[in-house]
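Coordinate inspection notes
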Amino acid sequence: MRTEANGTATGRVSGILENPMVGMAPWIIFSLLVGPGRFELAVGLALASIVALVVLGRLVHPGSSWKLLELADVVFFAAMAVVGVLASPGTLRWLETYAGEVSNLALTAIAFGSMALRVPFTLQYAREQVDPSLWHTPAFLRTNYVITGVWGLAFLVAAIAGGYGDLVLHNPDNLWTGWIIQILAIVAALRFTVWYPEVVRARASGAAAPPRAAGLLLPLAGLLVPVGIAVLVFDNVWWLGVALIVAGVLLTKALRSGE
């Protein structure tokens, strides 16, 4: 009984580690936490998370090779930690302001760069979840190119939003540019990563009713309610908060009925 339980737990951990979202978790932690007075905290948590994930991955899959995203994680955050220790007060202030954009642009470069090298970074994770006979099929490769491209666009949107808040609004903690837009972009990419392969598999099997777009949009519609609450609490535009809550409730109901 205990052996079965251990095997089940290991399988669950393995399934989590095989998700490309795991490799992006340190970057997301960093980009969302970094800001004035929070650079060391953001770097420390991001670096600790990638070290923990790498160690856990080697325990679950002994002898497994390094993934592109893992290498980028370790190199980037270790370098940021060293820079944070050695940087002058002026450099540290610059990093506290713009490090979120730097990390998002670095991820954008990794995503589109891996596609240019014909090794989209999601491919290494996806290969751990399918039979080796599928690794070189056009549909499998195309799916990973599309998903990697969507993640690249999500991080580009996050970088642009953060840059607008810093350079135009001069407010790194702006609710919309620093939090809402970036979180929505990441959630959209995360949901697409789950939804799109289901569509591809349904089309390949000749299913009469592949997953609808409602399944992709439903989590985003559901987020409108907490976003509206955040606007009511932290922003002065009360009517927008109410409108977002109402829109979230109505859209969620409509999309659920259309599934």
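Residues numbered from 1 in each chain as written. Predicted model: local features only at pLDDT ≥ 70, side-chain atom pairs only at ≥ 80, totals over all residues. Heavy atoms only, no water.

Summary statistics for the chain give a mean pLDDT of 84 and a share of 89% for residues scoring 70 or more. Averaged pLDDT values for the elements of the chain fall to 50 in helix 1 (residues 2–17) and rise to 94 in helix 7 (residues 138–168). Low confidence marks residues 1–9, where pLDDT is under 50. Its contacts with residues over four positions away, or in another chain, come to zero contacts. (pLDDT = per-residue confidence, 0-100. Helix = DSSP H or I, 4+ residues; strand = E, 2+ residues; numbered from the N terminus. Contact = heavy atoms within 4.5 Å.)

Bringing the packing of helix 8 (residues 175–205) against helix 9 (residues 213–234) into the picture now. For the pair helix 8 and helix 9, the least separation of the axes is 10 Å and the interaxial angle reads 160°. What the angle tells us is that helix 8 and helix 9 run roughly antiparallel. As helix 8 packs across helix 9, the resulting crossing turns out to be right-handed. Counting all contacts with helix 8, which are made through Leu175, Trp176, Ile180, Leu184, Val187, Ala188, Arg191, Phe192 and Trp195, the residues of helix 9 involved are Ala213, Gly215, Leu216, Pro219, Leu220, Leu223, Val227, Ala230, Val231 and Phe234. A breakdown of the residues in the contact of helix 8 with helix 9 according to their chemical character gives 17 nonpolar, one polar and one charged. (Axes fitted to C-alpha atoms, helices over the stretch in contact; angles between N-to-C directions. Parallel < 35°, antiparallel > 145°, perpendicular 65-115°, else oblique. Left-handed = near helix turned anticlockwise from the far one by under 90°. Nonpolar A, V, L, I, M, F, W, Y, C, P; charged D, E, K, R; others polar.)

It is worth spelling out the nonpolar core at this point. Here is a general trend for soluble globular proteins: nonpolar side chains tend to be buried in one another's company. Counting 37 residues, the largest nonpolar core has Trp27, Phe30, Phe39, Leu69 and Trp151 as the members making the most contacts within it. If you list the elements that add at least two residues to this core, you get helix 2 (20–33), helix 3 (39–60), helix 4 (68–86), helix 5 (89–116), helix 7 and helix 8. Residue contributions to this core peak at eight residues, all from helix 8. Within the second largest apolar cluster, six residues are counted, among which are Leu175, Ile180, Leu224 and Leu244. (Core = buried A, V, L, I, M, F, W, Y, C linked by side-chain atoms within 4.5 Å. Buried < 20%, exposed > 50% of the residue type's maximum accessible area, 1.4 Å probe, protein only.)

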